[in-house]
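These are the residues of each chain, in order.
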Amino acid sequence: MERTGFEPFGEQLVSATDAQPQSRASKLLLRAGTTVFWTLVAGIVLARAAFFEPGVYDSFSHVASLAKNLLF
């Protein structure tokens, strides 16, 4: 008798032998999507590094210290 596996939410697990081979278009689409995603991630990280201004939050700490002095 074959044992069927289920995940915690009740969905039946598919074994590796039951999986259908992916088509070439599917593999190509997966690779293109992954490439676009990581390109966007790298672009965002590089843009944040290029336009980072260390003094942006200095005014906030000044306002926070004034509020603390007024309240306490």
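Summary of the structure given here. (Residues numbered from 1 in each chain as written. Predicted model: local features only at pLDDT ≥ 70, side-chain atom pairs only at ≥ 80, totals over all residues. Heavy atoms only, no water.)

1. Digging into the overall build of the chain
Quick reminder of the rule: Only DSSP runs of H or I covering at least 4 residues are called helices, and only runs of E covering at least 2 are called strands; the numbering of each starts at the N terminus. Under the scheme applied here, a residue whose accessible area is under 20% of the maximum for its type counts as buried, over 50% as exposed, and between as partly exposed, the area being computed with a 1.4 Å probe on protein chains only. Note on areas: Shrake-Rupley with a 1.4 Å probe; residue coverage comes only from the protein chains shown.
Looking only at helices and strands, the chain has 2 helices and 0 strands in total. Expressed as a percentage of its 72 residues, the buried residues of the chain come to 0%. Of the accessible surface of the chain, which amounts to about 7,500 Å², a share of 66% is contributed by carbon and sulfur atoms.

2. Section: helix α1 (residues 24-50)
We count it as follows: Multiplying one less than the number of residues by 1.5 Å gives the expected span of a helix.
Taking 1.5 Å per residue, 27 residues should reach 39 Å; α1 reaches 39 Å between its end C-alpha atoms and fits that length. The buried count for α1 comes to 0 of 27 residues, which makes it a mostly uncovered element.

Just distances and angles here, no functional claims.
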